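Tertiary structure, described
Next come the chains, spelled out residue by residue.
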Amino acid sequence: MTLSLDLLKTQFHSIGFNSFARHLEELLRQADQNDWSHLQFVHQMITHELSARQLTRITYNLKRAGFPVRKHLEEFDFSFQTTISKKQIHRLLDFTFVHNRENIVFIGPAGVGKTHLATAIAIKAIDAGFKVLRLSALELVEALDLAESRGTLREKITSLLKFDILYIDELGYLPVNKQSAYNFFQLINALYEYRSLLLTTNKNFTEWHDFFCEDAVAVPIVDRIIHHSHLFILGGDSYRLNQKLHPD
Ligand code: ADP
Ligand code: MG
């Protein structure tokens, strides 16, 4: 067997070193130019492949998370939203909350930046290697109800537990019926102390019995969500409204 670049590339592809195979010539050239030792070359090769794989994984996880709009912390104006500090949010970015299976809850009226902050934190978590799934509360309740009617609620909940963070956006805008509330409780119970929840809601916990129909379900749901949680109560004016009123 004669040693050729094409043969090497095929061999690297066959063991899944695709990025390295694609950049083999370039890396060989750099090795020549910089007088890399064999060890240095192997190190460069592995580093190259690992960082390419990490990038692929992050890109995939970002897509799979299902954000309708991507928002970043760098774009958030903390001088407008003063009921929370930059420090409070940045403190979360060591992701001990994920390791400790704690929840993050943003409560506040419309337009104060709940979804922006939650999405931005979720994106940072994906960059740090965690798996996130974002669903609106309505999508989630509908998906759970559908699974329940098909007798597959358990499987549905299990499929949601494979994410490190389940991000539920906009809980509280619509009331849910008794069965939906019970399905939701099943999910919260399964997540409790096992996975992190990132939640935005326009309702205070004291009002949750309104949309969960009854206290019998609302109380244990709230109890499990807030037990290990970072609660952020946002106030102030709506950013959307402010932009409309003062476009500059
Ligand atoms: P909420 O979820 O609280 O209803 P959003 O996070 O969706 O509000 O914010 C509404 C819009 O205003 C979004 O486009 C968001 O990016 C923007 N926004 C809200 N607060 C801020 C802020 N403090 N700095 C920059 N943009 C903001
Ligand atoms: Mg929102």
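Everything that follows concerns the structure shown earlier in this document.
Quick caveat: nothing in here was measured; it's all calculated off a predicted structure.

Remarks on the overall build of the protein
Within the protein, the secondary structure is distributed over 13 helices and 5 strands. Computed over C-alpha atoms, the radius of gyration of the protein comes to 23 Å, more than 25% over the 18 Å expected from 2.2 N^0.38 for 248 residues, which places it beyond the range of a compact globule. Taking all 248 residues of the protein together, the buried fraction comes to 42%. Pairs at least 24 apart in sequence give 79% of the contacts found in the protein among residues at least 6 apart. In the form shown here, the protein has an accessible surface area of approximately 14,100 Å², with 54% of it arising from carbon and sulfur atoms. Of the charged side chains in the protein, 27 are positive and 28 negative; the average position of the first set lies 2 Å away from that of the second.

Here's the deal with the packing of helix α10 (residues 178–191) against helix α12 (residues 215–227)
Packing of α10 against α12 leaves a shortest axis separation of 10 Å and a crossing angle of 25 degrees. The angle between α10 and α12 places the two elements in the roughly parallel class. The chirality of how α10 crosses α12 is left-handed. For the pair formed by α10 and α12, the contact residues are Ala181, Tyr182, Phe184, Phe185, Ile188 and Asn189 on the first element and Val217, Pro220, Ile221, Arg224 and Ile225 on the second. Partitioning the contact of α10 with α12 into residue classes produces 9 nonpolar, 1 polar and 1 charged.

Quick look at the packing of aromatic side chains
A complete count under the given rule lists 14 aromatic pairs for this structure. Between phenylalanine 67 and tyrosine 167, the aromatic rings sit 6.4 Å apart at their centres with planes inclined by 45 degrees, giving tilted as the arrangement. One end of the pair, phenylalanine 67, is in the loop between α4 (38–65) and α5 (86–90); the other, tyrosine 167, is in strand β3 (residues 165–171), with 100 residues separating them in the sequence. Owing to a relative accessible area of 11%, phenylalanine 67 belongs among the buried residues under this scheme. The interplanar angle of 35 degrees and the centroid separation of 6.2 Å between the aromatic rings of tyrosine 182 and phenylalanine 185 together place this pair among those described as tilted. One end of the pair, tyrosine 182, and the other, phenylalanine 185, are both in helix α10, 3 residues apart, so they sit about a helical turn from each other. Using a relative accessible area of 15% as the deciding quantity, one classes phenylalanine 185 as buried. Grouping aromatic residues by their ring pairs yields a cluster made of Phe12, Phe17, Phe20, Trp36 and Phe41. Cation over ring: arginine 195 sits above tyrosine 194, and NZ or CZ is 4.4 Å from the ring centre.

What about the sheet that holds strand β5 (residues 229–233)?
As summarised here, the arrangement of the 5 strands in space is β2-β3-β4-β1-β5, forming an open sheet in which the pairing is parallel. Of all strands in the sheet, those bounded by a partner on one side alone are β2 (132–136) and β5. This sheet shows a mean twist of 10 degrees between the axes of neighbouring strands, independent of strand direction. Relative to strand β4 (residues 196–201), β3 runs parallel, the two sharing 5 bridges. Bridged to tyrosine 167 within β4 is leucine 198. Sitting on the sheet, helix α8 (residues 137–149) touches β2 and β3, and the angle it makes with β2 is about 95 degrees.

Notes on the site of ligand 1
In the vicinity of ligand 1, 15 residues are found, and the nearest of them are Asp77, Gly111, Lys114, Thr115 and His116. Contact between ligand 1 and glycine 111: an oxygen atom at 2.7 Å from a main-chain N or O atom of the residue. Between ligand 1 and histidine 116, the relevant distance is 2.6 Å, taken from an oxygen atom to a side-chain nitrogen or oxygen of the residue. Taken together, the elements giving at least two residues each to the shell around ligand 1 come down to α7 (114–127) and α13 (239–245). The element that contributes the greatest number of residues to the shell around ligand 1 is α7, accounting for 3 residues. Grouping the amino acids of the shell around ligand 1 by side-chain chemistry returns 5 nonpolar, 5 polar and 5 charged.

Scoring rules and cut-offs
Residues numbered from 1 in each chain as written. Chains lettered and ligands numbered in written order. Predicted model: local features only at pLDDT ≥ 70, side-chain atom pairs only at ≥ 80, totals over all residues. Heavy atoms only, no water. Helix = DSSP H or I, 4+ residues; strand = E, 2+ residues; numbered from the N terminus. Rg over C-alpha atoms; globule rule 2.2 N^0.38 Å. Buried < 20%, exposed > 50% of the residue type's maximum accessible area, 1.4 Å probe, protein only. Contact = heavy atoms within 4.5 Å. Areas by Shrake-Rupley, 256 points an atom, 1.4 Å probe, with all protein chains shown as cover. Lys, Arg positive; Asp, Glu negative; His and termini not counted. Charge placed at Lys NZ, Arg CZ, Asp CG, Glu CD. Axes fitted to C-alpha atoms, helices over the stretch in contact; angles between N-to-C directions. Parallel < 35°, antiparallel > 145°, perpendicular 65-115°, else oblique. Left-handed = near helix turned anticlockwise from the far one by under 90°. Nonpolar A, V, L, I, M, F, W, Y, C, P; charged D, E, K, R; others polar. Phe/Tyr/Trp six-rings, centres within 6.5 Å; stacked < 30°, edge-to-face > 60°. Lys NZ or Arg CZ within 6 Å of the ring centre and 35° of its normal. Pairing = 2+ DSSP bridges. Near = heavy atom within 4 Å. Polar contact = N/O pair within 3.5 Å; in protein donor to acceptor, adjacent residues only side chain to side chain.

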